Amino acid sequence: MATLKQVAQKAGVSRRTVDRVLNQRGSVRPETAERVKSALRELNYCPDETGQVLAAKKRKLHLAFCSIKGETAVLHEEIRQGAMKKAKDLEKIGITVDFYTIDREAPLSPEEEKRLVEEFCCDGMAAVGQEDPVIQQMIEKAQVLQIPVIFYNIDDEQVPRSCYVGCDYKKSGRIAAGLLGLCTDAKGRVGIFTVGGSKKAFHSPNYQGRVEGFLQEIEERYPKIEIVGQYLLPRDILDCYDVVMEVLSREQEMDAVYLVNPGDYAACRAIKKVAGDRNIKIITNDMTKEAVALLREGILTATISQDPESQGMLPLQFLFELLVFGRQPEQEKYYTELRICIPQNFMP
């Protein structure tokens, strides 16, 4: 196995320069760095990972995990729990994870936003993409400082990033269409609903990806299923009931609902209550305690989980490998497992 000295000799540099390239420390001229990398490849150099972890302890690396919270951001709490679990493991080797959590229901003042962005600093950043303007400012600062960024849950391909970890939303939509096809005998009238604070909810990447996959699958496989419309449900439960009442009163023959983004799942209870004796099937997304309760009560027909724990853990793992071992993620996108959950999953 090649040594650091042999790599340095082949590249015509000092061992200190090789160490800088390996650990991304200090400034090395691009042409010199490329010579070192070429020597590393030619000699098949395998770094001593134990030594690199010890070196990382001395560097006192700080990672940032940027997320949102709120009554309608239930999934993000589960993602954050996964990140906190990984943070405890990283803490054992001297890596600190700083959590920046923006509350949807309690916006920061302009002064607080400015202070948070100005003080923001880290060695690597995991962030939900295209979700919050404050987090977006932090991402932009990370780009300026050349801090590696990994997106989770929602990607942003317009921003240079190491990779994306999260749901394949188009595939999720296709699965939802398949479930509706099964539970409606491949025919009937279906409404597409989503919970959101404004019509911007129709333009979110997760909504658009799911609906695209859903409509494509319906068109290709279920010609007897008719989509009667796409409807925005307010986050306020009373307003949500009003919209559901208006839609279901007009669409007396609606057989099923695809609830794309369920928020806090109150919309499921609203649909079922307004529907009364009408046996409307409800397919939605994500797996939380409330979703389990709805499945057990027979209100939800099925939901599709997107593995939130992995969305919290994997970005921090990839940042650790990148900063400590210099290993870039091998894939541009890491899609988490999509799991179908029905009432029988939770029967005794």
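Refer to the structure presented above.
What you see is a predicted model; the values in this text were computed from it and never measured.

1. A look at the pairing of strand 4 (residues 149–152)
No. 1: Neither face of strand 4 is left uncovered, since the one carrying Val149 and Phe151 and the one carrying Ile150 and Tyr152 both have all their residues buried.
No. 2: Bridge analysis of strand 3 (residues 124–128) against strand 4 gives four bridges, and the strand direction is parallel. Looking at the pairing, Ala126 lines up with Ile150 of strand 4.
No. 3: Note that the unit made of strand 3, helix 7 (residues 133–144) and strand 4 has a crossover that is right-handed.
No. 4: Pairing of strand 4 with strand 5 (residues 163–166) involves three bridges; the strand directions are parallel. In the strand pairing of strand 5, Ile150 is matched with Cys163.

2. Notes on the nonpolar core
No. 1: Counting 68 residues, the largest nonpolar core has Cys66, Met125, Met138 and Phe214 as its most contacted members.
No. 2: The biggest single contributor to this core is helix 13 (residues 308–325), with seven residues.
No. 3: The residues contacting Phe214, other than those within four sequence positions of it, are Gly173, Arg174, Ala176, Ala177, Leu180, Val190, Ile192, Ile227 and Tyr258.
No. 4: Residues Leu233, Leu259, Met287 and Leu294 belong to the second largest nonpolar core, which totals 29 residues.

3. Focus: unusual backbone geometry
No. 1: Non-glycine residue Ala186 carries a positive phi angle of around 60°.
No. 2: Note on placement: Ala186 falls in the loop between helix 8 (169–183) and strand 6 (188–195).

4. Examining the sheet that holds strand 4
No. 1: Across the sheet, which stays open at both edges, the six strands sit in the order 2-1-3-4-5-11 with parallel pairing between neighbours. The outermost strands of the open sheet, each flanked by one partner alone, are strand 2 (96–103) and strand 11 (333–335). Going across the sheet, the axis of each strand differs from the next one's by a mean of 20°, ignoring polarity.
No. 2: Lying over the sheet, helix 5 (residues 74–91) contacts strand 1 (62–69), strand 2, strand 3 and strand 4, oriented at roughly 165° with respect to strand 1.
No. 3: Packed on one face of the sheet, helix 7 meets strand 1, strand 2, strand 3 and strand 4 and runs near 150° to strand 3.

About the thresholds
- Residues numbered from 1 in each chain as written.
- Predicted model: local features only at pLDDT ≥ 70, side-chain atom pairs only at ≥ 80, totals over all residues.
- Heavy atoms only, no water.
- Buried < 20%, exposed > 50% of the residue type's maximum accessible area, 1.4 Å probe, protein only.
- Helix = DSSP H or I, 4+ residues; strand = E, 2+ residues; numbered from the N terminus.
- Pairing = 2+ DSSP bridges.
- Right-handed = clockwise from strand over helix to strand, strands pointing away.
- Core = buried A, V, L, I, M, F, W, Y, C linked by side-chain atoms within 4.5 Å.
- Contact = heavy atoms within 4.5 Å.
- Axes fitted to C-alpha atoms, helices over the stretch in contact; angles between N-to-C directions.

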